[in-house]
Amino acid sequence: MAALQLGHADDAILRSVNRLNYMTAAQVGRLLYPSACDENRYVQRRLRRLAEADYLLRLRELPTPRIGSAPHVFTLADQGRRYLSSRGVVLTSPYYRPSEERQKAVDNPFMEHTLAAVDVLVAAEMLCRDYVVSMPSLLTERQLKRMNIRVQPAGQPSPRLTAVIPDGWFVLTVGNHDPVCIALELDRGTEGQQHWRRKIAALVAWAEGPYREAFQADNLTVAVVVPTRARLVQLIEWTGDELEAIGKTELADIFLFTEASPTATEPFDLFFSPLWHTAPTAGQLVSMLDAPPSVDSDHASRLVAPPSRPTDDKPTVSTQWGEVEREIELVEEELDEVEEEIRLEVETKVDIEDDDFPWTLSEGEEGRY
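Because the structure is a prediction, the values reported are computed rather than measured. (Residues numbered from 1 in each chain as written. Predicted model: local features only at pLDDT ≥ 70, side-chain atom pairs only at ≥ 80, totals over all residues. Heavy atoms only, no water.)

Student: Would you mind going over the nonpolar core with me for this structure?
Tutor: In globular proteins that are soluble, nonpolar side chains generally tend to be buried together. Grouped together as the largest cluster of nonpolar side chains are 56 residues, with contacts concentrated most on Leu 56, Phe 170, Leu 172, Phe 271 and Leu 289. Residue contributions to this core peak at eleven residues, all from helix α6 (residues 108-130). Setting aside residues up to four positions removed in sequence, Phe 170 forms contacts with Leu 121, Ala 124, Met 135, Ser 137, Leu 138, Val 180, Cys 181, Ile 182 and Phe 271. (Core = buried A, V, L, I, M, F, W, Y, C linked by side-chain atoms within 4.5 Å. Buried < 20%, exposed > 50% of the residue type's maximum accessible area, 1.4 Å probe, protein only. Helix = DSSP H or I, 4+ residues; strand = E, 2+ residues; numbered from the N terminus. Contact = heavy atoms within 4.5 Å.)

What follows is the structure, encoded as structure tokens:
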């Protein structure tokens with residue numbers, strides 16, 4: 001089997017999966033091919049090709065949804081890790097064991113929660129692609145676990161330390177404004193009041209204690225994304241009650257809550273529009289980021305991000321070139337299919353001609369056979 005020749009699209013896919021750890025075809029499509037209207041068929045072919053060559057590991061399908069087919073989840077495999085390392089890209093995971101990755105995929109709640117968090121991170125990266133917004137730092141849950149930061153939850157008498165592991169942490173900088181540091185909490189509506197309030201107490205101790213030194217940051221926004229309006233009201237109430245109980249109501253403004261879907265909401269609206277509720281009561285709506293004066297909420301003065309804003313581990317591949325390359329490869333695939341059909345037709349014709357050819361033994365040749 002000939003070695004796989006990687007193009008710009010393959011490079012961008014591998015770097016994206018490395019940054020976010022786990023991705024589906026839909027997430028790759030939203031991030032790299034936002035204008036594609038092929039139901040991710042092109043991306044699926046790309047991912048399958050990379051998986052067959054051991055650049056990506058294709059994990060088991062998620063549970064089948066009510067509509068459509070179940071998506072596969074992809075993570076970086078041996079060849080992909082070697083490829084990126086050879087180009088100076090820092091791998092977000094120091095080691096790789098296929099058996100462990102497959103075992104994680106069996107845990108449906110874990111994987112669904114992880115992918116829901118990735119949806120938010122994809123929206124943040126899309127914002128940086130389309131607007132003058134940069135993301136100088138990004139840490140996934142896997143990287144945050146390795147930091148192993150433990151705190152004594154505020155107001156808790158128990159001496160046992162609690163690990164603080166957000167579902168993601170990233171920094172967004174709008175133009176020349178000061179950076180905004182965001183710790184992501186993706187709620188799936190499964191935690192009870194006691195567990196949630198203990199988490200709030202731990203986050204408060206984290207924010208007031210080791211956070212600044214560990215992350216070299218002087219600000220923090222805890223962004224809580226919830227599935228429903230009812231759950232939003234519930235979590236805001238529990239958060240307010242816990243902050244009051246531990247005497248930390250002055251930290252209420254670091255917690256923001258939204259029921260807006262990161263996949264159904266435009267990235268601009270998710271971060272710049274007033275879709276976020278503050279504690280201790282639902283009602284007051286704010287935006288997570290302050291838009292510069294030249295950008296208004298109805299996109300009338302959209303600031304398109306320049307295509308040549310390089311980072312250490314993210315290739316600068318313009319969306320325009322990506323679309324051109326995609327069209328070229330689709331044409332090549334169609335040509336391959338046509339060639340295969342012609343080959344099969346020729347072979348079939350030859351077989352028919354050989355079978356139907358009338359032949360008889362000439363006189364005197366019967367004994368030679």
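Student: Help me out: how do you make sense of the packing of helix α1 (residues 8-20) against helix α4 (residues 78-86) in this one?
Tutor: α4 packs onto α1 with a crossing angle of 100° between their chain directions and a minimal axis gap of 10 Å. Judged on the interaxial angle alone, α4 and α1 are roughly perpendicular. Contacts between α1 and α4 involve Asp 11, Leu 14, Arg 15 and Asn 18 on the former and, on the latter, Gly 80, Tyr 83 and Leu 84. Among the residues forming the contact of α1 with α4, the class breakdown is three nonpolar, two polar and two charged. (Axes fitted to C-alpha atoms, helices over the stretch in contact; angles between N-to-C directions. Parallel < 35°, antiparallel > 145°, perpendicular 65-115°, else oblique. Nonpolar A, V, L, I, M, F, W, Y, C, P; charged D, E, K, R; others polar.)

Student: Looking at this structure, how should I read the pairing of strand β8 (residues 221-225)?
Tutor: Consecutive side chains along a regular strand alternate between the two faces of the sheet. In terms of burial, β8 is a largely internal element, five of the five residues being buried. Neither face of β8 is left uncovered, since the one carrying Thr 221, Ala 223 and Val 225 and the one carrying Val 222 and Val 224 both have all their residues buried. Pairing analysis gives five bridges linking strand β7 (residues 180-186) to β8, with the strands arranged parallel. Residue pairing in the sheet places Ala 183 in a bridge with Val 222 of β8. Note: β8 against strand β9 (residues 255-258), four bridges, orientation parallel. Among the inter-strand pairings, Ala 223 is bridged to a residue of β9, identified as Leu 256. Considered for its hand, the β-α-β crossover made up of β8, helix α10 (residues 229-245) and β9 is right-handed. (Pairing = 2+ DSSP bridges. Right-handed = clockwise from strand over helix to strand, strands pointing away.)

Student: What's the story with the environment of Arg 160 in this structure? I'm lost.
Tutor: With respect to the element layout, Arg 160 can be found in the loop between β4 (150-151) and β5 (162-163). Sequence separation between Arg 160 and Arg 150 is ten residues, and the spatial gap between their C-alpha atoms is 9.5 Å. Setting aside its immediate chain neighbours within four residues, Arg 160 contacts Gln 152 and Pro 153.

Student: What is the right way to look at empty space enclosed by the protein in this model?
Tutor: Where empty space is left becomes clear once a probe the size of a water molecule has been rolled over the atoms. Under the criterion given, the structure shown has three cavities of 30 Å³ or more. One number sums up the size of the largest cavity: a volume of about 90 Å³. If you go around the largest cavity, you meet 13 residues; those closest to its centre are Thr 75, Leu 76, Arg 81, Ser 93 and Arg 142. When contributions to the lining of the largest cavity are tallied by element, the ones reaching two or more residues are α1 and β2 (72-76). Its residues assigned to classes, the lining of the largest cavity comprises five nonpolar, five polar and three charged. (1 Å grid on protein atoms, 1.4 Å probe; cavity = no way out; pocket = protein on both sides within 12 Å on 5 of 7 lines; lining within 4 Å. Points joined across faces, edges and corners; volume = space filled by probe spheres on them.)

Student: How do you make sense of the pattern of salt bridges when you look at a structure like this?
Tutor: Pairs can form between side chains of opposite charge once their charged atoms are near each other. All chains considered together, the criterion is met by 16 salt bridges. Arg 46 is paired through a salt bridge with Asp 10; the nearest N and O atoms lie 2.5 Å apart. In this pair, Arg 46 sits in helix α3 (residues 41-52) while Asp 10 sits in helix α1, placing the two residues 36 residues apart along the sequence. Taking relative accessible area as the criterion, Asp 10 reaches 0% and is therefore assigned buried. The closest approach of N and O atoms between Lys 199 and Glu 191, which form a salt bridge, is 3.1 Å. Among the ionic contacts, a cluster of salt bridges with common partners joins Asp 10, Arg 46 and Arg 49. (Salt bridge = Lys/Arg side-chain N within 4 Å of Asp/Glu carboxyl O.)

Student: I keep staring at the side chain of Gln 143 and nothing clicks. Help me out?
Tutor: The residue Gln 143 is located in helix α7 (residues 141-147) in this model. Residues contacting Gln 143, with those up to four places away along its chain left out, are Thr 92 and Leu 138.

Student: How do you make sense of the packing of helix α2 (residues 25-32) against α6 when you look at a structure like this?
Tutor: In a pair of packed helices, the angle between the axes and the distance between the axes together describe the arrangement. Two numbers describe how α2 lies on α6: the axes approach to 9 Å, and their chain directions differ by 10°. Viewed along their axes, α2 and α6 adopt a mutual orientation that is roughly parallel. Of the two elements, α2 crosses α6, and the hand of that crossing is right-handed. The segment α2 lies against α6, with Gln 27, Arg 30, Leu 31 and Leu 32 engaging Leu 115, Val 118, Asp 119, Val 122, Glu 125, Met 126 and Arg 129. Here the contact of α2 with α6 is composed, by residue class, of six nonpolar, one polar and four charged. (Left-handed = near helix turned anticlockwise from the far one by under 90°.)

Student: Is there a simple way to explain unusual backbone geometry in this structure?
Tutor: Keep in mind that most residues, glycine aside, have a negative phi and that most peptide bonds are trans. Backbone geometry at Glu 39 places phi at a positive 55°, although glycine is not the residue there. Along the chain, Glu 39 turns up in the loop between α2 and α3. Of the residues examined, Glu 39 reaches a relative accessible area of 66% and is grouped as exposed. Residues other than glycine seldom take positive phi values, yet Asn 40 does so here, at roughly 65°. With respect to the secondary-structure elements, Asn 40 resides in the loop between α2 and α3.

Take it as geometry only, folks, not as evidence of what the structure does.
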